[in-house]
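Chain by chain, the residues:
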Amino acid sequence: MAREIERTIQEYVPGKQVTLAHIVANPTADIYEKLGIQAPKNALGILTITPAEASIIAGDVATKTGNVTLGFIDRFSGSVVVVGEVSEVESALRQVIDTLHEMLGFDIPSITRT
């Protein structure tokens, strides 16, 4: 008797949400190298957002909030990485998630840190 293969179908159903808001304090040099970030600082801020196009808004809000730069932004996956000092990155992430929540009704997470 042939063994029946169990299959799972996964669907991507985007909502309006920030699924990750995380600060990496004092990342190692190899993280910056692997990300291709040329001007490392003391912290990275990582956001994952759906719908992915909202990453453009997040990048705009983050860079207008304080002295952070965009390390990476992908409007197709919704990933945003900001670079700066820890307090500046935290302020930028807070402003992004607050703006997306208050202005556009996004669900938001707590900011985590390592």
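For the structure, check the block above.
Predicted model only: the values in this text are computed from it and were never measured. (Residues numbered from 1 in each chain as written. Predicted model: local features only at pLDDT ≥ 70, side-chain atom pairs only at ≥ 80, totals over all residues. Heavy atoms only, no water.)

Enquirer: Would you mind showing me how to read the pattern of salt bridges here?
Expert: For side chains of opposite charge, pairing can occur when their charged atoms come near one another. Summed over the entire model, instances satisfying the criterion amount to three salt bridges. For the salt bridge of Glu 90 with Arg 113, the shortest nitrogen-to-oxygen distance reads 2.6 Å. Here Glu 90, found in helix 3 (residues 86-104), pairs with Arg 113, found in strand 5 (residues 112-113); they are 23 residues apart in sequence, far enough to count as distant. Across the pair Asp 98 and Arg 94 runs a salt bridge, and its minimum N-O distance is 3.5 Å. Taken together, the residues span about one helical turn, with Asp 98 and Arg 94 both in helix 3 at a distance of four residues. We classify Asp 98 as partly exposed; its relative accessible area is 23%. Arg 94 gets classed as partly exposed once you look at its relative accessible area, which sits at 37%. (Salt bridge = Lys/Arg side-chain N within 4 Å of Asp/Glu carboxyl O. Helix = DSSP H or I, 4+ residues; strand = E, 2+ residues; numbered from the N terminus. Buried < 20%, exposed > 50% of the residue type's maximum accessible area, 1.4 Å probe, protein only.)

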